[in-house]
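Analysis of the macromolecular model
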Amino acid sequence: MTEFWLISAPGDKTCQQTWDQMMAATTRNNNLSTNHKFNIPDLKVGTLDVLVGLSDELAKLDSFVDGVVKKVAQYMADVLEDSRDKVQENLLANGVDLVTYITRFQWDMAKYPIKQSLKNISEIISKQVSQIDNDLKSRASAYNNLKGNLQNLERKNAGSLLTRSLADIVKKEDFVLDSEYLITLLVVVPKAAYTDWQKSYEGLAEMVVPRSSHLLFEDHDSGLFSVTLFLKAVDDFKHKARENKFVVRDFQYNEEELKADKEEMTRLSTDKKKQFGPLVRWLKVNFSEAFIAWIHIKALRVFVESVLRYGLPVNFQAMLLQPSKKSMKRLREVLNDLYKHLDSSASAIIDCAMDIPGLNLSMQEYYPYVYYKIDCNLFDFKV
């Protein structure tokens, strides 16, 4: 399970007692979850008005940063292409896997100084993650353009002989060049019709050079034949070839153009390889930054909501629960029983939620204790 429940409850005589009670209820007889203390430092409380406003702002910021974390992770998987199964080992926070980072969370005093007001800390995070989001858009756009251009060229060099580029198939010596009277055409002939082609090509028009046809290349379905004829017979030849289901490719041998195409392919391929390493490094670093910022927002939300619910002086225990999949419903019931005395209206809401389909999600997720979900499953697909 990559889902965590970040909850808080007011300290009884001590916060340790709150922790011990929760541990007894969830692990002593039933192993409903794996639990960790979640350390939040002594942050500046500020005024009640600021806290109420900040509660809404942090909810929006939480959603935004969650989106950026997922975008960076998803783009990492896209960039790794065939190696996307290695994406998880590249998605670390502070050099450790995400579960380890969350379960051993320590506030980063250097990035988010606790002497600053809560509003300032949230603004620092907002600016930092907005910058990551903007940088991701510009880097992804540049890399995607390069990748798209390369894929278009690769597509032209693959596929059926009827449509693919012939630049890497033909050679200069396959053509009669610089002649006032003669021209070499390239014709796609189905494999089943090779014999028909050999028997008939010289008679498809007047002025076809005898024994001038050669097989240059073949794929699963067809072969590419050259044939030399007089220029004045080209239209007639094409017409008769079409009637016989032989396709004349519209192709003129131009050494400079062919060379330019090959050089462009090499350049794009080299540029992609050059950009790949730095881009993956940037994604790793900024995924870590965004994920760390996201967990700090969760910490801020728990702090603000706990002060608003449980009052001053600040006295609550933040706890991180990792429920096992089969016991989630039971764990929720145990927690509701343990903390229902904190808010009797929450119990009524929970009871109603069972009976009213489509009840607003935010109402459904209101419990007598402070609760936020952290889901480390960042993908819509399995990696």
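Residues numbered from 1 in each chain as written. Predicted model: local features only at pLDDT ≥ 70, side-chain atom pairs only at ≥ 80, totals over all residues. Heavy atoms only, no water.

You'll find the protein entered in an unreviewed UniProt entry as V-type proton ATPase subunit C, with Dissostichus eleginoides given as the organism. For the protein, the Sequence similarities (unreviewed entry) comment in UniProt is given as "Belongs to the V-ATPase C subunit family." (UniProt positions renumbered as here; feature names shortened; annotations may be inferred.)

1. Considerations on the sheet that holds strand β6 (residues 247–249)
The strands making up a sheet are joined through hydrogen bonds of the backbone, oriented either antiparallel or parallel. Strand order in the open sheet made by the 4 strands is β4-β5-β3-β6, with antiparallel pairing throughout. What marks the edges here is a single partner per strand, and that holds for β4 (214–218) and β6. Here the average twist between neighbouring strands, direction ignored, is 35°. As judged from the 9 bridges shared by strand β3 (residues 182–190) and strand β5 (residues 222–230), these two strands associate in the antiparallel manner. Looking across to β5, one finds that Ile-183 is bridged to Leu-229. (Pairing = 2+ DSSP bridges. Helix = DSSP H or I, 4+ residues; strand = E, 2+ residues; numbered from the N terminus. Axes fitted to C-alpha atoms, helices over the stretch in contact; angles between N-to-C directions.)

2. Some points on the pairing of strand β7 (residues 316–323)
Most of β7 sits inside the fold, with 8 of its 8 residues counted as buried. Across the two faces of β7 the burial is the same, with Phe-316, Ala-318, Leu-320 and Gln-322 and Gln-317, Met-319, Leu-321 and Pro-323 all buried. Across 6 bridges, strand β1 (residues 3–10) lies against β7 in antiparallel orientation. Directly across from Leu-6, in β7, lies its bridge partner Leu-320. (Buried < 20%, exposed > 50% of the residue type's maximum accessible area, 1.4 Å probe, protein only.)

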